[in-house]
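Given next are the chains, with one letter for each unit.
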Amino acid sequence: MRVFRKLLILIVALAVLAAAGAGLWLWQGLQTLKQPVALDEPVLFSVEQGTSFGRLAQKLSDDGLVSDPLWLKLYGRLNPEQTRIKAGDYELQPGMTPLAMLDTMVQGKVKLWSVQFIEGWTFSDMRTALANSGQLRKETTDWTDEQVMEAVGAEGQHPEGWFFPDTYMFSGSETDLDILKRAYNRMTAVLEEEWENREEGLPYSSPYEALIMASIVERETGVAYERQQVAGVFVRRLQKGMRLQTDPTVIYGMGDSYDGRIRTRDLRAYTPYNTYRIDGLPPTPIALPGRDSVHAALHPDDGDALYFVARGDGSHTFSRTLAEHQKAVREFQLNRREDYRSFPAPDAGADDNEEN
């Protein structure tokens, strides 16, 4: 009997030791998941749609991001809520632990890239930016403008001006069409909101005409406080039956023939966009207007200026009479200084506008 008791005690002791050893082994293994992974620089890690947790653990091991997939699989058994990983591209940073990486995938904190559309750009500029975005999946590269407009829900519309200039973030699963839809929907929402809150008595028959005006304002000045003044000049010209006579519309109508200068023959040549030759607004916008320009077109300054001319430092001088305007032209245009420019930020796609 005493031998049996000793044997039982020995078995229990061995079992306890084995359990303790197994527990220690498990604890040490799981602790490896809390140790920072040796990364010298960020790594892009992709999780495909439908990837199982076990397959993820193996891929992390194959890529040297966990020492043994067993520990991650055991962790998943103990914490099933941490196995609900989401597909996408993840940027794994130096200093992250395997558990931190896993948490990033469970929360779906995918890597985001950005593409920027600048105020004053044309639709062509915008499509070039999309085509040059290396991380963005391309769907519309070979599409016509008409196909793009149909895909965003604006079949038959001219594309110019209908896409809101902004910085758009995107994940690896998104396409250029996704960005185009977001930009189009944003512009329609902004235009609708601004139109609903417009000033009374404006010479526009539709929100689209306000969008055309906003695009002209956008191209005429990069100085924020001048936008409503510029819009005021153009609105008063329309109300008085005067032609807009604005160079950015001439430039747009010249297309690829524009070489950086507007000559007298260009002002005399007829195009649907030459506001020295046509009455009223051009048929479409000429650029992507930002919200401030849309707001200015619908809330113009109520002064009495009918003319303005670029001073050469990015701002303009506004004049009430033609005589005042001609004096300003002689001062700022005929004797230009070497660093003359019409816009404060010429690298943002602005052109040199001569006079109005």
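Look up a bit, the structure's there.
Position numbers for residues count from 1 along each chain, tracking the sequence in the order it is written. With the structure being a predicted model, the display of local features is reserved for residues of pLDDT at least 70 and the display and counting of side-chain atom pairs for 80 or more, all residues being used for whole-chain, interface and lining totals. As a rule here, side-chain values cover all heavy atoms of the structure and leave hydrogens and water aside.

A. Representation of the nonpolar core in the model. We define the nonpolar core as a collection of buried residues of types Ala, Val, Leu, Ile, Met, Phe, Trp, Tyr and Cys that are connected through side-chain atoms lying within 4.5 Å of one another. Relative accessibility under 20% of the residue-type maximum defines a buried residue, over 50% an exposed one, and the middle range a partly exposed one, all with a 1.4 Å probe and only protein chains included. With 55 residues, the main nonpolar core has Phe117, Phe163 and Tyr204 as its most contacted residues. Helix and strand labels come from DSSP, where a helix needs a run of H or I of at least four residues and a strand needs a run of E of at least two; each type is numbered from the N terminus. Taken together, the elements giving at least two residues each to this core come down to strand 3 (113–116), helix 5 (123–132), helix 6 (145–151), strand 4 (167–170), helix 7 (176–196), helix 8 (207–220), helix 9 (227–240) and helix 12 (291–298). Contacts of Phe117, omitting those with residues within four sequence positions, involve Met126, Ala129, Leu130, Phe164, Pro165, Asp166, Tyr168, Ile179, Ala183 and Leu288. One finds Leu33, Val47, Met101 and Leu102 within the second-largest nonpolar core, a separate group that totals 23 residues. Only heavy atoms enter the contact rule, under which two residues are in contact if any of them lie within 4.5 Å.

B. Fine view of the packing of helix 9 against helix 12. A fitted line through C-alpha atoms serves as each axis, taken over the contacting stretch for helices, and the angle formed by two N-to-C directions is quoted from 0 to 180°. Where helix 9 contacts helix 12, the axes come no closer than 8 Å and their chain directions differ by 40°. Taken together, helix 9 and helix 12 sit at an angle that is classed as oblique. In the crossing of helix 9 with helix 12, the sense of the turn from one axis to the other is right-handed. Taken together, the residues of helix 12 that come into contact with helix 9 (itself represented by Arg227, Gln228 and Ala231) are Asp292, Ser293, Ala296 and Ala297. Split by residue class, the contact of helix 9 with helix 12 holds 3 nonpolar, 2 polar and 2 charged. Each angle is binned into one of four classes, with values under 35 degrees roughly parallel, values over 145 roughly antiparallel, values of 65 to 115 roughly perpendicular, and all other values oblique. Handedness of a crossing is defined here by the sense of rotation of the near helix relative to the far one, left-handed for an anticlockwise turn of less than a right angle and right-handed for a clockwise turn. Under the grouping applied here, Gly and all other residues not named as nonpolar or charged are polar, the nonpolar ones being Ala, Val, Leu, Ile, Met, Phe, Trp, Tyr, Cys and Pro and the charged ones Asp, Glu, Lys and Arg.

C. Spatial organisation of the side chain of Glu160. Examined against the element boundaries, Glu160 turns out to sit in the loop between helix 6 and strand 4. Neither His nor the chain ends is counted toward charge; the positive residues are Lys and Arg and the negative residues Asp and Glu. Throughout this description, the term salt bridge denotes a Lys or Arg side-chain nitrogen within 4 Å of a carboxyl oxygen of Asp or Glu. No salt bridge is formed by the buried Glu160; its nearest oppositely charged neighbour, Arg219, is found at 8.9 Å. Here a polar contact is recorded for every N or O atom pair within 3.5 Å, except that within protein the pair must consist of a potential hydrogen donor and a potential acceptor, and residues adjacent in sequence are included only if both atoms are side-chain atoms. There is a polar contact of 2.5 Å between the side chain of Glu160 and the backbone nitrogen of Phe123. Leaving out residues up to four positions away in the same chain, Glu160 has contacts with Trp121, Thr122, Phe123, Tyr252, Thr284, Pro285, Ile286, Ala287 and Leu288.

D. Up close: the environment of Gln333. Structurally, Gln333 can be placed in the segment after helix 13 (322–332). Separated by 21 residues in the primary sequence, Gln333 and Gly312 have C-alpha atoms spaced 8.1 Å apart.

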